[in-house]
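Examination of the molecular architecture
Single-letter residue listing:
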Amino acid sequence: MTARDGAELEAWWRGFVADGRLPEALQLVQGRLIRSVHKGSLGKSEVFVKTMSFPRAKDRLRYLLRALPAAHEAAMLRSAATAGVRCPEVLAAFGERRLGLPRRSMLVLRALPVVAEPAAPERRVADEVALAMHLLRAGIEHRDLHSENFVRTAGGELAVLDLQSARQRPPSEPSAPVRLAVAARMLRERDGEVSRSAVDAMRACGMLATESEVSAALARRDAEAARYRRSRVLRCLQTSTEFERSVSWSGVRYAHRVRTPDGRWIRGGRELREAWLGQRVRQLEDGSPPRFGAFFRKWWWLGGGRALYVPSTWSDEQIDAELAATSAFCRPSPPRRAGQL
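Criteria and cut-off values
- Residues numbered from 1 in each chain as written.
- Predicted model: local features only at pLDDT ≥ 70, side-chain atom pairs only at ≥ 80, totals over all residues.
- Heavy atoms only, no water.
- Helix = DSSP H or I, 4+ residues; strand = E, 2+ residues; numbered from the N terminus.
- Buried < 20%, exposed > 50% of the residue type's maximum accessible area, 1.4 Å probe, protein only.
- Contact = heavy atoms within 4.5 Å.
- Salt bridge = Lys/Arg side-chain N within 4 Å of Asp/Glu carboxyl O.
- Axes fitted to C-alpha atoms, helices over the stretch in contact; angles between N-to-C directions.
- Parallel < 35°, antiparallel > 145°, perpendicular 65-115°, else oblique.
- Left-handed = near helix turned anticlockwise from the far one by under 90°.
- Nonpolar A, V, L, I, M, F, W, Y, C, P; charged D, E, K, R; others polar.
- Core = buried A, V, L, I, M, F, W, Y, C linked by side-chain atoms within 4.5 Å.
- pLDDT = per-residue confidence, 0-100.
- Phe/Tyr/Trp six-rings, centres within 6.5 Å; stacked < 30°, edge-to-face > 60°.
- Expected span 1.5 Å × (residues − 1).
- Pairing = 2+ DSSP bridges.

**What to know about the overall build of the protein chain**
The helix and strand inventory of the protein chain stands at nine helices and 14 strands. The principal-axis extent of the C-alpha atoms belonging to the protein chain is close to 65 × 55 × 40 Å. For the protein chain, the proportion of its 341 residues judged to be buried stands at 43%.

Quick look at the structure:
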C-alpha cells in the first residue's frame, strides 16, 4: 500500500468520524442499523469498507470492555492467514471511543478475486466443512458459518469471509462441545440431500465422530433454528434495521422504517398484536409487503389496549379479513422432529 493510499484511508476515516458518512465513490453493498459495507477502489485495488456505529445502549455496552469490531476482525483475519486459510487482506483498522464508550469502527479489506462456483453442491459443502475444521484446529471458531461467508477464488481455493464474530482459542484438536456447536451452525441452513452430504463430510474430517454426535448436532441445529426464527419475528417489536420503537408517556409505538400508505388507527385487544406479529411472519416466509404501518401498545396503568395503523382505503370487511389472515400466521406450525435430516 502506497503513502497516497494511506492518506486516502485516513481521509475516509476522518470523514466517517465527523458525520458518519463515506465518500460517494464508495458504493453501499449492505446497510443495517449499526453496520454498513461499502465497495470501491483504493489505488489499483478493489476494496471493501466495513463501518460500524453504536446508536443503541446495548451496542455500546457490548463493546465497553472488548475490542472494537474492526480491531477484533482484523486480528482474526491475520490469524486465519497465518494458519494458511485464504481470506481478505487487512489494509487498515480504525476505532474511536468517547468517554470510554465505542463510537466509530472502520475496517478496510482488499477484495478477493472471486469467481462463480462451478462445483456441485455436495463438493462445495465438503470444501466448506473441511475449511471450517481447519480453522478449528488452528484455534479459530468462526461463529457465523453460513454459505455466503465462503467464496471460491480465481485460483480454485475456498476462502472465508466475515470473521467479526469469530473467537480465538489455543490451537489444538477441538473439544466435542466446540465441534458440535460449529456443526449445528453449518447444518442450520441445509436440508435434504445437502444436509446428508454435510453430515458425511463432517464424519469424514472428524467434526462429528460418532452417530450420537450426529444426532446431538442435528437436535442442536433444530433448537437454534427455532430460536433464530423467533428472534427475527420479534424484531418488529424492537429498534432494528427495519423497525423503530418509540416510548412515550402513553405507551410504546412500533413502526416500519419504510414509508407505508396513509391510514388510520383502529383500536382493539390482543388480536391486534397477533396481526402485527403475523404480518412479520408472513413477510419472512414469502416476502409479502407490510400492510399495517404501525402498532401501538398503551401502558397497563392507563387502561391498556392496543391500536393498529391500517390503510385509510380499507373497508371494515377488508380489515376483518386481513386481521384473520395475519393472525393465522402468528400461530406456530408443528415443529420438525428433533434430529431429523
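**As for the environment of M52**
Mapped onto the elements, M52 comes out in strand β3 (residues 45–53). Each C-alpha atom of the pair M52 and F16 lies 9.8 Å from the other, and the pair is 36 residues apart in sequence. Discounting chain neighbours no more than four positions away, the residues touching M52 are F16, I34, R35, Y63, P69, R103, R104, S105 and Q164.

**Overview of the pattern of salt bridges**
Tallying each qualifying case throughout the model produces 25 salt bridges. K39 serves as the salt-bridge partner of E46, at 3.5 Å between the closest nitrogen and oxygen. Assessed through its relative accessible area of 30%, K39 is described here as partly exposed.

**Structural notes on the packing of helix α8 (residues 270–286) against helix α9 (residues 316–330)**
Following both chains from N to C, one finds α8 and α9 inclined at 70°, their axes separated by 6 Å at the closest point. Looking at the two axes, α8 sits roughly perpendicular to α9. Here α8 and α9 pass one another in a crossing that is left-handed. Only E322, L323, A325, T326, S327, F329 and C330 of α9 make contact with α8, whose side of the interface consists of E271, L272, E274, A275, L277, G278, Q279, V281, R282 and E285. Taken together, the residues of the contact of α8 with α9 sort by class into eight nonpolar, four polar and five charged.

**A short note on the nonpolar core**
V129, V160, L163, M186, M202 and M207 are the most contacted members of the largest nonpolar core, which totals 40 residues. Elements that contribute at least two residues to this core include exactly α3 (69–82), β5 (101–110), α4 (121–137), β8 (158–160), α5 (176–187), α6 (192–205) and α7 (211–233). In terms of residue count, α4 provides more of this core than any other element does, seven residues in total. Among all residues touching V160, those that are not within four sequence positions of it are V85, R86, C87, P88, L131, L135, H142, N149 and F150. Residues C236, F295, L308 and V310 belong to the second largest nonpolar core, which totals 20 residues.

**Remarks on the side chain of H38**
Here H38 lies in strand β2 (residues 35–42). Among the residues examined, H38 registers a relative accessible area of 13% and is labelled buried. With sequence-adjacent residues up to four places away left out, H38 is seen in contact with L22, L26, Q27, L28, V29, V47, F48 and V49.

**A short note on the confidence of the model for the protein chain**
In the predicted model, the protein chain carries a mean pLDDT of 89, and 96% of its residues have values of at least 70. Scored below 50 in pLDDT, residues 333–338 makes six contacts in the model with residues more than four places away or belonging to other chains.

**Observations regarding the packing of aromatic side chains**
Taken as a whole and assessed by the stated rule, the structure comprises ten aromatic pairs. Residues W13 and F16 carry aromatic rings whose centres are separated by 6.2 Å and whose planes lie at 45° to one another, so their mutual orientation is tilted. One end of the pair, W13, and the other, F16, are both in helix α1 (residues 3–19), three residues apart, so they sit about a helical turn from each other. For the ring pair F292 and W314, a centre distance of 6.0 Å and an interplane angle of 80° mean the geometry is edge-to-face. In this pair, F292 is assigned in the loop between α8 and β13 (294–298) and W314 in the loop between β14 (306–311) and α9, connecting sequence segments 22 residues apart. The exposure class assigned to W314 is buried, which follows from its relative accessible area of 16%. Feature note: the residues F243, Y254, W276 and F295 constitute an aromatic cluster, connected by ring pairs.

**With respect to α5**
Under the 1.5 Å per step criterion, the end-to-end length of α5 is 16 Å for twelve residues, consistent within 8% with the ideal 16 Å. Looking at the packing, one finds that the buried side of α5 touches α4, β6 (140–141), β7 (150–152), α6 and α7.

**Describing the sheet that holds β13**
The sheet built from five strands is open, its strands ordered β10-β11-β13-β14-β12 with antiparallel pairing. In this open sheet, the two edge strands, each paired with only one partner strand, are β10 (243–247) and β12 (263–268). Sheet twist, expressed as the average angle between the axes of neighbouring strands with direction ignored, equals 20°. One ladder, built from four bridges, connects β13 with β14; its direction is antiparallel. Following the sheet pairing, F296 is matched in β14 by A307. Sitting on the sheet, α8 is in contact with β10, β11 (251–256), β12, β13 and β14, with an inclination near 50° to β14. Here α9 sits on the sheet in contact with β12 and β14, set at roughly 65° to β12.

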